[in-house]
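For reference, the chains in residue letters:
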Amino acid sequence: FKAKPFYDVPARPGDQHAGATALTLDNEGNVYATYPGRLVVIDEKGNNVGSISLNGAEVPTAVEIGDDGYLYVSTASSLLRVRVRVGPAKIGTDMVIPPKKESRSNVA
């Protein structure tokens, strides 16, 4: 198995971190990747379809698209939100959470 790059974002002058710090997906198949000071939107073919500038050179720590129509980005010092026209990716799972077992003290 040999992986090939899906998308390569060159570091900008002054970037302390060159790689993506967080990722999320939308319901149209786009990937949102955070980089210092910005968020890059990449389509399912690996094409850059846009970017969102963040506050200065802050390094994002997490990104998520909410059901409320906002994209949320956290940094070490703030929580940012931007209105978006997409929703979060709906990824199914086959994970089953077992029911809670009764404690012995509740059993007569």
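One can find the structure itself at the top, above this paragraph.
Now for a quick tour of the structure. (Residues numbered from 1 in each chain as written. Predicted model: local features only at pLDDT ≥ 70, side-chain atom pairs only at ≥ 80, totals over all residues. Heavy atoms only, no water.)

The next thing to look at is the environment of Glu44. Among the secondary structure elements, Glu44 is positioned in the loop between strand S3 (38–42) and strand S4 (48–53). Measuring from C-alpha to C-alpha, the distance between Glu44 and Glu28 comes to 8.7 Å, with 16 residues separating the pair along the chain. Discounting chain neighbours no more than four positions away, the residues touching Glu44 are Phe6, Glu28, Gly29 and Asn30. (Helix = DSSP H or I, 4+ residues; strand = E, 2+ residues; numbered from the N terminus. Contact = heavy atoms within 4.5 Å.)

Turning our attention to the packing of aromatic side chains. Counted according to the given criterion, the structure contains one aromatic pair. Judged by centre distance (6.2 Å) and plane angle (50°), the ring pair of Tyr70 and Tyr72 falls under tilted. By relative accessible area, Tyr70 is classed as buried at 16%. Of note, Arg81 hangs over the ring of Tyr70, and the distance from its end group to the ring centre comes to 3.8 Å. (Phe/Tyr/Trp six-rings, centres within 6.5 Å; stacked < 30°, edge-to-face > 60°. Buried < 20%, exposed > 50% of the residue type's maximum accessible area, 1.4 Å probe, protein only. Lys NZ or Arg CZ within 6 Å of the ring centre and 35° of its normal.)

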